[in-house]
Every structure is written in C-alpha cells, then in structure tokens.
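For reference, the chains in residue letters:
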Amino acid sequence: MNDVLDRKALWTISYGLYIVSSVSGEKSNGQIVNSVIQVSADPPSIAVSINKNNLTHAYIEESKVLAVSVLEEETPMSLIGLFGFKSGRDVDKMSKVTCRNGETGCPAVIDNAISSFDGKVVGAVDCGTHTIFVAEVMGAQVLKDGTPLTYAYYQNVMKGKASKNAPTYKGDPGSQDKPEEKKVEGVMKKYVCGVCGYIYDPQEGDSEGNIPAGTPFEDLPDSWTCPVCGASKDEFSPEE
Ligand code: FE
C-alpha cells in the first residue's frame, strides 16, 4: 500500500459508458470509452481519452473527426463486448451495427444509443498511455428516451470489467473488485474469463446465452462463448 498515492481513491470517480468512433478513408472503427465529458459551452466542445494502442486512436489522429454514442442502461453485454474487448484490427465492428453519419461524415453507432454527436478535433493532450482529444461538436441529436448507462451500473449490476486499455484499468482481472461472495451450497465452481475477467457463475447460468441457472461450467456446450468478450470456453479457468 502506498500512502501517498492510493489508487483506490481514483476508483471512486464516476463515469458514463460510450462508444467513440472515427474514420480512416472508407474504413471506420469504434470502441467503448468511459471518459467523455463536455468541456466547453461555446463552442460546444467535448474531451475524450483514448488509449494510444487502439485503432480508434490512429483513426482520430488521421481524420481529426470523431463521434460519440451515449449508451442506454439496457445495452447488452454483447455490444459492450464487441466494442470494448475486441480490436478493429481483427473485427469490422461497425459492419455489425447500425450507424448514422454525422455532420463531419463520421459515423456514430445508434444501436442502444440515446443520443449521438460528432465533431472535429481541435486539440490533443499527451497523457502517457492515453491521449485526450478535444473536439468541437458540429452535430448532435437525441435518438430516444432512456437512462444513460453509467460505469457504476456496468460494474455493479451488469458485473462488467474494465478492458486493459481503459484509463481506469485496475490490473489483472483477478485483482479487480469482486462482488460479495454469496454462500452457496454444493461444489459447482465459478470460472473466470482470462480475456475480460467475466465470471461464469453456475448458480446464475448465462441468460444471454440461454444457459439455465444451475448449469456447471463443464456442461456448457463447446460452442458457448464469453457473453462479454466472445472468448471460447478454453480461455476460462477455475476461480481461485
Ligand atoms: Fe470474456
């Protein structure tokens, strides 16, 4: 424990959950971002923090445009897994969702979004692992009524984890905050996804994958994949 810099203090900061997208020529890509804030009223401007290793970072640097989709609370883990735990270098994410082209020509994801906006980059700050891009908003629209998804809801209710490229990443998935252990009878073991940290709990099953509660990990079909990141069964190991 470092008394001077207790990183747990930083974990108390609250965030939302967004998809930030950008373009490179005919190609587009997007990723989950928890850090989007409005930083100026006139002109309306936002700041987003993006990991330098991410494809979206390269696209924003190149095209100087970006779009933001504000996700709703009902957003399924499968969408967060696609945009948060998979790289655009491996998967054409934008082809799997519905998009809307903004004023800058940059497409925003509108699936499970309550609003979207796009803008041109007017500044960038090097912050080590991440770059903060400041963008002037050129177009914005409310897409539907809904409650914006917060990072706390994602972590506490949806049991989601931070990707290793998130500014708020806390270390290995196994070291992240674990939900309170429930006293359960029996010996069915929980299994942890080695990619995203999702925990398969046999007592709960996996409703998105149509796996009923009470299904041991060993009985999951070989075709079953992690509901968050899409990793296959062999990426899982028993919880310590
Ligand atoms: Fe996973």
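In what follows, the structure referred to is the one given above.
These lines cover the structure that appears in this document, whether it is placed above or below.

Details of the overall build of the protein
Step number 1: Helix and strand content of the protein: three helices and 12 strands.
Step number 2: For a compact globule of 240 residues, the expected C-alpha radius of gyration is about 18 Å, and the protein comes in at 19 Å, within 12% of that figure.
Step number 3: Dimensions of the protein along its principal axes, counting C-alpha atoms only, are 60 × 45 × 35 Å.
Step number 4: Counted over contacts in the protein with a minimum sequence separation of 6, partners at least 24 positions apart contribute 60%.
Step number 5: Considering the protein, the positive charge centre built from 22 side chains and the negative charge centre built from 33 side chains are found 3 Å apart.

Considering the coordination of the iron ion
Step number 1: Bound to the iron ion are the protein donor atoms Cys193 (SG), Cys196 (SG), Cys226 (SG) and Cys229 (SG), situated 2.2 to 2.4 Å from the metal.
Step number 2: Classification of the site at the iron ion as tetrahedral follows from its four donor atoms and the range of 101 to 116° in their angles at the metal.
Step number 3: When the donor residues of the iron ion are listed from N- to C-terminus, their spacing reads C-x2-C-x29-C-x2-C. A residue pair is termed long-range when its members are at least 10 positions apart, and Cys193 in strand S10 (residues 191-193) and Cys226 in the loop between strand S11 (199-200) and strand S12 (236-238) qualify at 33 residues.
Step number 4: Judged by its relative accessible area of 1%, Cys193 is buried.
Step number 5: Given a relative accessible area of 3%, Cys226 falls into the buried group.

What about helix H1 (residues 55-63)?
Step number 1: Those residues of H1 not exposed but buried are Leu55, Thr56, His57, Tyr59 and Ile60.
Step number 2: If you follow the buried residues of H1, they end up packed against strand S1 (18-24), strand S2 (27-33), strand S4 (45-51), strand S5 (65-71), strand S8 (113-127) and strand S9 (130-142).
Step number 3: Directly after H1, the chain includes Lys64, whose backbone phi takes a positive value near 60°.

A look at the sheet that holds S9
Step number 1: Overall, antiparallel pairing links the seven strands, which are arranged S2-S1-S5-S8-S9-S4-S3 in an open sheet. Either end of the sheet is taken by a strand with one partner, and the two such strands are S2 and strand S3 (36-40). Going across the sheet, the axis of each strand differs from the next one's by a mean of 35°, ignoring polarity.
Step number 2: Bridge analysis of S5 against S8 gives seven bridges, and the strand direction is antiparallel. From the neighbouring strand, Val70 faces S8, where its bridge partner is Ser115.
Step number 3: Contacts between H1 and the sheet are confined to S1, S2, S4, S5, S8 and S9, with S1 contributing the most and set at about 55° to the helix.
Step number 4: Packing of helix H2 (residues 77-84) onto the sheet brings it into contact with S1, S2 and S5, and relative to S2 it is tilted by some 115°.

A short note on the sheet that holds S12
Step number 1: One open sheet accounts for three strands, arranged S11-S10-S12; its pairing is antiparallel. The outermost strands of the open sheet, each flanked by one partner alone, are S11 and S12.
Step number 2: Note that S10 and S11 share two bridges and pair antiparallel. By the bridge assignment, Tyr191 is partnered in S11 with Tyr200.

Describing the nonpolar core
Nonpolar side chains in soluble globular proteins tend to be buried together.
Step number 1: In terms of nonpolar packing, the biggest core is built from 33 residues, with Phe83, Tyr154, Tyr198, Cys226 and Phe236 touching the most fellow members.
Step number 2: Of all the secondary-structure elements, those providing two or more residues to this core are H2, helix H3 (151-156) and S10.
Step number 3: Tallying contributions element by element places H2 first for this core, with five residues.
Step number 4: Leave out the neighbours within four places in its chain, and Tyr198 touches Lys161, Tyr191, Val192, Cys193, Gly205, Asp206, Trp224, Cys226, Pro227, Val228 and Phe236.
Step number 5: The next biggest cluster of nonpolar side chains, apart from the first, holds 17 residues, and it includes Val33, Ile60, Val70 and Val137.

Here's the deal with the environment of Tyr200
Step number 1: Turning to its location among the elements, Tyr200 is positioned in strand S11.
Step number 2: Judged by relative accessible area, Tyr200 falls into the buried class, the value being 0%.
Step number 3: Spatially, the C-alpha atoms of Tyr200 and Val20 are 28 Å apart, while their sequence positions differ by 180 residues.
Step number 4: Apart from residues lying up to four places away in sequence, Tyr200 is in contact with Lys190, Tyr191, Gly205, Asp206, Ile211, Thr215, Pro216, Phe217, Leu220, Trp224 and Phe236.
Step number 5: Only 2.6 Å separates the side chain of Tyr200 from the backbone oxygen of Thr215, close enough to count as a polar contact.

Each value, and the rule that gives it
- Residues numbered from 1 in each chain as written.
- Predicted model: local features only at pLDDT ≥ 70, side-chain atom pairs only at ≥ 80, totals over all residues.
- Heavy atoms only, no water.
- Helix = DSSP H or I, 4+ residues; strand = E, 2+ residues; numbered from the N terminus.
- Rg over C-alpha atoms; globule rule 2.2 N^0.38 Å.
- Contact = heavy atoms within 4.5 Å.
- Lys, Arg positive; Asp, Glu negative; His and termini not counted.
- Charge placed at Lys NZ, Arg CZ, Asp CG, Glu CD.
- Donors = N, O, S within 2.8 Å, 3.2 Å for Na, K, Ca; no water.
- Tetrahedral: all angles 85-135°; square planar, octahedral: opposite > 155°, others 65-115°.
- Buried < 20%, exposed > 50% of the residue type's maximum accessible area, 1.4 Å probe, protein only.
- Pairing = 2+ DSSP bridges.
- Axes fitted to C-alpha atoms, helices over the stretch in contact; angles between N-to-C directions.
- Core = buried A, V, L, I, M, F, W, Y, C linked by side-chain atoms within 4.5 Å.
- Polar contact = N/O pair within 3.5 Å; in protein donor to acceptor, adjacent residues only side chain to side chain.

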